[in-house]
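As a plain string of letters, each chain reads:
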Amino acid sequence: MSAIVFENVYRYFTRDGKSFPALDGIDLSVADKEVVALVGPSGCGKTTCLRLAAGFEVPTKGRVTVGGQPVDGPGPDRAVVFQQFALFPWKSVEDNIAFGLRNQGVAASTRRERVSAVIKLMGLEGYETAYPHQLSGGMQQRVAIARAYVLDPEALLMDEPFGALDAQTRIMMQEELVRIARVNPRTVLFITHAVDEAVYLADRVAVMTRRPGRIKEILDVRKVRNAERWNHHERIEDVMDLESFVHLRTHIWRSLREEKIGVAP
Amino acid sequence: MTPSTSPGAHRSATLPARLTRRFLGTGSVLVLLAAWAGLTMVTDTISTSRFPSPLQFWQSTKQIVTVGYADGTLVGHALQSTRLVVLGFAVAAGIGVPLGVLMGWSRRAEALINPAFLVIRPIPPLAWIPLAILWLGLGDAAKIMVIFFAAFVPAVINTLSGIRAIEPPIIEAARMLGTGRWRLLSEVLLPAAAPMIFTGLRLALQAAWTTLVAAELVGALAGLGRVLNMAQQDIYPAMVMVGMAAVGVLGWATTRLLAEMERRAMPWLAH
Amino acid sequence: MASTSQRPLSKLEALILSMIGLAGFFGIWLAASMSGYVPGQFLPTPFEVLARATHLVAAPFAGATLPMHLARSLERYAYGVALAASIGVPLGLAMGLYRWLDDIVTPVFDGLRFIAPIAWVPFAALWFGTGIGGPIMIIFSGAFPPCLMNAHRGARFVDQKYIEAAQMLGTSSLRTITEVLLPASLPSIIAGLRVGAGLGWQSLVGAELIVASAGVGYMIVQGQSNISTPTVMAGMLAIGLVGLLIDVALRQLEALVRRTRGLA
């Protein structure tokens, strides 16, 4: 069963009375427990896709379903990890993580268990009572991911989750995410500008055209990963050094470059 | 002398530099005090019928503290004034902040309420005094009404701005986490807007004091403004000065109190 | 600016709701004054207020017509604000530049700042009686702090980059002040002038309530003594309107300065 399905999705924006197409017929499905990366040139509408799945926006035509149900507004079944973290600065780390569970009416003792489990998973021990401003960017994003994970969501939607981090922290977080996904696999749809991040993390990579966005091609990374045994390498830099990895990455770059030529105003 | 405008320049690094600054600061105050004493008591350059000497100031203070002036002691008048300020401020905040939240959150509510607000807002708070006296006489109610109008406006405006300034991802995250309406208000909107709300409250408190003193000056039966008024009519500059000093001290004290409440209400801010 | 959960309203919807709100405000006012709950003396209808205002434009009350009262008020106001600006701005700039001056002036200023401008009224009355000096002094005490503080801030917190660029280009001290610091502080100075002008106008009203023999605040007090609520309300609206116009004009000036700077 597919967890996330975009069925012939169109999205138009109106500005000054004129209508602009942002998405021009998106068909995409993310299978259960699959990780799909969405890449594309700036302004292609990938963020819009994510927001449609999250329920922050509504498609003009077509529909988006998650877990078989059409999306009707945001909710904890489609947990979002924002680029700018969006943690509540006035709550401690553990209160931030527990907040969604409180909304669901989860009993206090169960809450505590689940929260400490995910704190352990994300390597946040010792920081439970800290406030976000006291944490580095990487740590804050861990909290944001923890907050999403603890909800046990149908789908995890990540909007450039590592975009606000410096390059080195970013790479460390990518490694982390792979480790966590092995322990606790989930259905994930994420957006990124970094092509090697997409290839490293995803089972499939969907490349979008420039605006108005459509799915240009989808690459099956999992097949290559399994065939070339990327998982036998612990370190990210070793994986990124492999010829098969480089090959995929270059292919995607070239595909994106085609979209950038004749860049729209 | 070369300009010293580097941003770090006001954080003097060296101990001698900091001591010099303290010295200059206290020095200027001391010089002024000495000049005050000298010009009024020693040389008679300033006539004490116009501007009181330090001695007269001290004597008037003693008078109003012990015997009393304008039908009350200093403590009595101070309590009266403070009581009214606190009451008016509380009502203004109690109505203004929720209204500001409503108008900040709902564009519809803002469009509906704004016109009325725009009519009320430009009217300087002190201009309400004659109307308040007409409607409610010279008692406490009139003062509270005027204080309300003065404090209400900054409370609403700053709360509204505070709510509008909340970054959209915070609201979206709250919705994503399935936050119910009341919890959204109490655990997301209010904490997020809290810094600006407190700014509004600070301005409201300032406005409240100004308006209260003015209202009591125009007509009152008790309070520091009354002291000022009577002292003026009695041509008693020393007592005027005592009144002003009292107003200054109370204003400072209530502001500090609010600042302390602000600090405690927002423990998560990096201080 | 971020809208929260509601998207910005369409212009039409905003207009309609505003009209409803305005109508509602006046409707409630009208209903309250006509209902008889409040004696008509104390709550005139909006029309009565308007009629009174129009009447006052031509016919004198408390010594002068409304425009004449306004003129007297504006005269004092102009003097007071001009005085506040011409002392406050240069002093503030100097304090921002020269730390020692800041150290000398600030303690004194901070001590006096907490005394509401209105509390200066009795002294003003003692020294100037009902002459023009009294109101000017009070307007000054209201308008002065923002002028000073904003000029100070503007000069003190000038982006270090500008100073360094000037130094690198070998600029003399004087030229640094006039051609770098002053223009750089200008937005802050103008913001201070706007706030000061607003506070000055408010202080004027307070002053005129107590120590004046002409001017629009005086007119309102006379209206109150004569139990002429329409006069009081007409006066309040006039004060509000003029204050609004002053603020709008200064905001335009501020916006102009910011635009020419590419700051807005």
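Scroll up a little and you will see the structure.
Everything in this summary refers to the structure shown in the same document. As the structure is a computational prediction, the values presented were derived from the model and not from experiment. (Residues numbered from 1 in each chain as written. Chains lettered and ligands numbered in written order. Predicted model: local features only at pLDDT ≥ 70, side-chain atom pairs only at ≥ 80, totals over all residues. Heavy atoms only, no water.)

Considering the arrangement of the chains
- Counting contacts across all two pairs of chains found in contact, the highest total belongs to chains B and C.
- Kept free of each other, chain A and chain C leave a smallest C-alpha distance of 10 Å between them. (Contact = heavy atoms within 4.5 Å.)

Digging into helix H4 (residues 99–113) of chain C
- In this model, H4(C) (15 residues) spans 20 Å end to end at C-alpha, consistent with the 21 Å of a helix rising 1.5 Å per residue.
- Listing the buried residues of H4(C) in full gives C:Arg99, C:Leu101, C:Asp102, C:Asp103, C:Val105 and C:Phe109.
- For H4(C), the elements touching its buried residues are helix H1 (15–42) of chain B together with helix H3 (66–97) and helix H6 (133–156) of chain C. (Helix = DSSP H or I, 4+ residues; strand = E, 2+ residues; numbered from the N terminus. Expected span 1.5 Å × (residues − 1). Buried < 20%, exposed > 50% of the residue type's maximum accessible area, 1.4 Å probe, protein only.)

Brief notes about the nonpolar core
- Core analysis: the largest hydrophobic core is formed by 219 residues, its most contacted members being A:Ile4, A:Phe6, A:Ile26, A:Ile97, A:Val205 and A:Ile252.
- With 17 residues, the single largest contributor to this core is helix H8 (residues 181–218) of chain B.
- Not counting residues within four places of it along the chain, the set of residues in contact with A:Phe6 comprises A:Ile26, A:Asp27, A:Leu28, A:Cys49, A:Leu52, A:Ala53, A:Arg63, A:Val64 and A:Leu189.
- In terms of nonpolar packing, the next biggest core, distinct from the first, is built from seven residues, C:Ala85, C:Val89, C:Cys147 and C:Ala155 among them. (Core = buried A, V, L, I, M, F, W, Y, C linked by side-chain atoms within 4.5 Å.)

Re the packing of helix H2 (residues 93–103) of chain A against H8(B)
- Contact geometry for H2(A) and H8(B): axes closest at 13 Å, N-to-C directions at 170 degrees. Relative to H8(B), H2(A) is oriented roughly antiparallel. Residues A:Phe99, A:Arg102 and A:Asn103 of H2(A) lie in contact with H8(B), whose contacting residues are B:Arg183, B:Glu187 and B:Val188. (Axes fitted to C-alpha atoms, helices over the stretch in contact; angles between N-to-C directions. Parallel < 35°, antiparallel > 145°, perpendicular 65-115°, else oblique.)

Thoughts on the pattern of salt bridges
- Evaluation of the coordinates by the stated rule reveals 33 salt bridges over all chains.
- The closest approach of N and O atoms between A:Lys91 and B:Glu187, which form a salt bridge, is 2.5 Å. Residue A:Lys91 is located in the loop between strand E6 (78–81) and H2, and its partner B:Glu187 is located in helix H8; the two belong to separate chains.
- Classification of A:Lys91 as buried rests on a relative accessible area of 9%.
- Among the charged side chains, a salt-bridge network with shared partners connects A:Glu34, A:Asp203, A:Arg204, A:Arg222 and A:Arg225. (Salt bridge = Lys/Arg side-chain N within 4 Å of Asp/Glu carboxyl O.)

A word on the interface of chain A and chain B
- At the interface, 23 residues of chain A touch 19 residues of chain B.
- Between chain A and chain B the total buried area reaches about 2,000 Å² when both faces are included, carbon and sulfur atoms providing 66% of it.
- In this structure, A:Arg102 engages B:Glu187 in a salt bridge whose closest nitrogen and oxygen atoms are separated by 2.6 Å.
- When residues of the side of chain A that touches chain B are traced back to their parent elements, those giving at least two are E6 and H2 of chain A. (Buried area = accessible area lost by both parts, 1.4 Å probe.)

Description of the interface of chain C and chain B
- Taken together, the contacts link 67 residues of chain C with 65 residues of chain B.
- Both faces considered, chain C and chain B share a buried interface measuring about 5,900 Å² in area, 74% of it formed by carbon and sulfur atoms.
- At the junction of chain C with chain B, the criterion picks out one salt bridge.
- Connecting chain C to chain B are three residue pairs in polar contact (both at pLDDT 80 or more).
- Broken down by class, the residue content of the side of chain C that touches chain B amounts to 47 nonpolar, 14 polar and six charged. (Polar contact = N/O pair within 3.5 Å; in protein donor to acceptor, adjacent residues only side chain to side chain. Nonpolar A, V, L, I, M, F, W, Y, C, P; charged D, E, K, R; others polar.)

Topic: the sheet that holds strand E9 (residues 204–208) of chain A
All names here are of chain A.
- Ordered by their spatial adjacency, six strands build an open sheet running E6-E7-E8-E3-E9-E10, and the pairing between neighbours is mixed. Both edges of this open sheet fall to E6 and strand E10 (215–220), since each of them pairs with a single strand only. Sheet twist, expressed as the mean angle between neighbouring strand axes with direction ignored, is 20 degrees.
- Pairing of strand E7 (residues 155–159) with strand E8 (residues 188–191) involves four bridges; the strand directions are parallel. Across the sheet, residue Met-158 finds its bridge partner in E8, namely Phe-190.
- Sitting on the sheet, helix H7 (residues 221–228) touches E9 and E10, and the angle it makes with E10 is about 20 degrees.
- Lying over the sheet, helix H9 (residues 243–260) contacts strand E3 (35–39), E9 and E10, oriented at roughly 180 degrees with respect to E10. (Pairing = 2+ DSSP bridges.)

Remarks on a nonpolar patch on the surface
Residues and elements named next belong to chain B.
- Taken together, the side chains of Met-41, Val-42, Leu-55 and Trp-58 present a nonpolar region at the surface, about 450 Å² in accessible area.
- Only H1 and helix H2 (54–66) provide two or more residues apiece to the nonpolar patch.
- With respect to the helices and strands, Val-42 occurs in helix H1. (Patch = residues over 30% accessible without salt bridge, like charges linked within 9 Å, V, L, I, M, F, W, Y side chains within 5 Å. Areas by Shrake-Rupley, 256 points an atom, 1.4 Å probe, with all protein chains shown as cover.)

Some details on the environment of A:Trp90
- Along the chain, the position of A:Trp90 falls in the loop between E6 and H2.
- Residue A:Trp90 is classed as buried on the basis of its relative accessible area, which comes to 10%.
- A:Trp90 sits 84 residues away from A:Gln174 along the chain, and the two C-alpha atoms are 28 Å apart.
- Here A:Trp90 is in contact with A:Tyr131, B:Ile170, B:Glu187, B:Val188, B:Pro191, B:Ala192 and B:Trp268, once residues within four sequence places are set aside.
- A polar side-chain atom of A:Trp90 sits 2.7 Å from the main-chain carbonyl oxygen of B:Glu187.

Overview of the packing of aromatic side chains
- For the structure shown, the criterion picks out 19 aromatic pairs over all chains.
- Between the aromatic rings of B:Trp128 and B:Phe149, the centroid separation amounts to 3.8 Å while the plane-to-plane angle is 0 degrees, which identifies the pairing as stacked. Of the two residues, B:Trp128 sits in helix H5 (residues 128–136) while B:Phe149 sits in helix H6 (residues 140–164), which places them 21 residues apart along the sequence.
- When its relative accessible area of 7% is taken as the criterion, B:Trp128 is described as buried.
- Pairwise contacts between aromatic rings join B:Phe117, B:Trp128, B:Phe148, B:Phe149 and B:Phe152 into one cluster.
- Geometry around A:Phe13 places A:Arg11 over its ring, the cationic atom sitting 4.6 Å from the centre.
- The cationic tip of C:Arg52 hangs over the ring face of C:Phe61; the distance from NZ or CZ to the ring centre is 5.3 Å. (Phe/Tyr/Trp six-rings, centres within 6.5 Å; stacked < 30°, edge-to-face > 60°. Lys NZ or Arg CZ within 6 Å of the ring centre and 35° of its normal.)

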